[in-house]
Amino acid sequence: MSTLASSGVDEVAARYEPVIGLEVHVELGTRTKMFCGCPTDFGAPVNTQVCPVCLGLPGSLPVANRAAIEATIRIGLALNCSIASWCRFARKNYFYPDMPKNFQISQYDEPLCTDGYLDVEIDGETVQIGIERVHLEEDTGKTTHIGGATGRIHGATESLVDYNRAGIPLVEIVTKPVPGTGARAPIVARAYVTELRDVVRSLGVSDVRMEQGSMRCDVNTSLNLPGEPWGTRTETKNVNSLRSVERAVRAEMVRQAAVLDAGGTITQETRHFHEDTGDTTPGRSKETATDYRYFPEPDLAPLAPDAEWVAQLKAGLPEAPRLHRRRLQDQWGLSDVDMQSIVNAGAVELIEATVAAGASADGARKWWLGELSRRANESGGDLASLGVTPAHVAELQQLVDEGKLTDKLARTVLDGVIVGEGGPSEVVTGRGLGVVSDTGALTEAVDAAIAAHPDVAEKVRSGKVAAAGVLVGEVMKATRGQADAKTLRELVLARLRA
Ligand SMILES: [Zn+2]
């Protein structure tokens, strides 16, 4: 699963037992916000997607978004949860400038979905992660601190708030505590968040992009001595990538072990994860539930999902990603190792779509895991951000299969696709890149090469067939690599036998 070094963690796990827990927030991709009709488009000009309800102006009243409730129930069902037949929203009172109402509408002791699980595969072994609850709430606005070196409030001269995000439906998915994973705790945490992301994506209810913040993760970690009660946990925030989930658990295990080894105690607090150093530093001390003074939201009617509706939603769930991957692996005839490398490259859906667009599984895998992975690595982005679509890859492979492109030319065509010159066929036409299949033109080029290198031609005639490579190379140069090497070689030999 992971190629990161596990330095320190093995040693920690030999003495202490880690218990992890994960709280994941998913921003739903609904058209409108949770309690008002404001649009939810990402990247809109600041404070343009707001209204009296999501700005918390006096006299405004919230109305719950049915699509968001449906999406939350579907997430709960996909995580094998029970769906409450009756539950309420609650007010969570706190005073931050990014929360204009001075409270957040959330769910407290009556979550919509409870007591489920998600099976996660780690090195061919299934680990079941218990799900405590899945509930629905509204997102906060976004604060930007200007003038400080770190982007944090410390040292800042101004703080700006954008309320476009305030009120976007947010689903919180909380695991039960996960004990017993030992040194694999960091890998289990990462595998869980990865699988959860795939499940939510398969439901089509969010784009679950950690780098854009539509999926955010808090990581709880504690250590205890074998046989002792669970230790005090810390909650690490700012964990913005799958890799960081793994690193954050590792960092906390190593840090807490050092504190405990020195006879210290762990403080219950939130901590910030730092992407650059891989360390965590203390944030605010953790609020307890009483600090938030929860009470049932008086402006909203209780939620009472109809049992028949829930049954319909359950019947309409897509295949679980884990089972879907297994089926694809069978269809594609791949080993566990080959399939795992596709999963690790984040290429399952891309390859599936490429096959659906007409390519062979082998051809699709070759492009996505080879040339395209290499280019994604070089650019520091992911496969999806290259601007090459599954349809492009299928078309490219077809051109190769038809002999209209060599592999080498196909890679040049990709250059054109990536810089936006259009699909493969358009790039071929635009750049004049097709394989030269006009045998008349090729024969002319071959004859010219033979005439220019009589000594080489003589060697080939006398039986030193390997020398033909020189002539093939000459013609390749003359045709800018647009001839098929095998065809060309045959043609050279044929001309010299004549
Ligand atoms: Zn609004």
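Preceding this section is the structure that the text describes.
Here the structure is a predicted model, which is why all the values come from computation and not from measurement.

Caption draft 1: Molecular detail of the side chain of Lys 33. Here Lys 33 shows up in the loop between β1 (17-27) and α2 (66-78). It turns out Lys 33 is buried and unbridged, and the closest side chain with the opposite charge, Asp 162, is 7.6 Å from it. A distance of 2.8 Å separates a polar side-chain atom of Lys 33 from the backbone oxygen of Ala 166.

Caption draft 2: Structural context of the environment of Ala 315. Relative to the assigned elements, Ala 315 resides in helix α6 (residues 307-315). Under the relative-accessibility criterion, Ala 315 is labelled exposed at 70%. Sequence separation of Ala 315 and Leu 77 is 238 residues, and the distance between their C-alpha atoms is 9.8 Å.

Caption draft 3: The coordination of the zinc ion, seen in detail. Summarising the metal site, the zinc ion is bound by the protein donors Cys 36 (SG), Cys 38 (SG), Cys 51 (SG) and Cys 54 (SG), whose distances to it range over 2.3 to 2.4 Å. Because the angles between the four donor atoms bound to the zinc ion fall within 100 to 116°, the donor set is best described as tetrahedral. Mapping the donors of the zinc ion onto the primary sequence gives the spacing C-x1-C-x12-C-x2-C. One end of the pair, Cys 38, is in the loop between β1 and α2; the other, Cys 54, is in the loop between β1 and α2, and 16 residues separate them in sequence. In this structure, Cys 38 and Cys 54 share a single accessibility class: buried.

Caption draft 4: A look at the packing of helix α3 (residues 185-203) against helix α4 (residues 242-261). Closest axis-to-axis distance for the α3/α4 pair is 8 Å, and the angle between their directions is 150°. Comparing their axes, α4 and α3 come out roughly antiparallel. Handedness of the α3/α4 crossing: right-handed. Contacts from Ala 185, Pro 186, Ile 187, Ala 189, Arg 190, Val 193, Thr 194 and Arg 197 of α3 reach α4 at Leu 242, Arg 243, Val 245, Glu 246, Val 249, Arg 250 and Met 253. Residue composition of the contact of α3 with α4, by class: nine nonpolar, one polar and five charged.

Conventions we followed
- Residues numbered from 1 in each chain as written.
- Predicted model: local features only at pLDDT ≥ 70, side-chain atom pairs only at ≥ 80, totals over all residues.
- Heavy atoms only, no water.
- Helix = DSSP H or I, 4+ residues; strand = E, 2+ residues; numbered from the N terminus.
- Buried < 20%, exposed > 50% of the residue type's maximum accessible area, 1.4 Å probe, protein only.
- Lys, Arg positive; Asp, Glu negative; His and termini not counted.
- Salt bridge = Lys/Arg side-chain N within 4 Å of Asp/Glu carboxyl O.
- Polar contact = N/O pair within 3.5 Å; in protein donor to acceptor, adjacent residues only side chain to side chain.
- Donors = N, O, S within 2.8 Å, 3.2 Å for Na, K, Ca; no water.
- Tetrahedral: all angles 85-135°; square planar, octahedral: opposite > 155°, others 65-115°.
- Axes fitted to C-alpha atoms, helices over the stretch in contact; angles between N-to-C directions.
- Parallel < 35°, antiparallel > 145°, perpendicular 65-115°, else oblique.
- Left-handed = near helix turned anticlockwise from the far one by under 90°.
- Contact = heavy atoms within 4.5 Å.
- Nonpolar A, V, L, I, M, F, W, Y, C, P; charged D, E, K, R; others polar.

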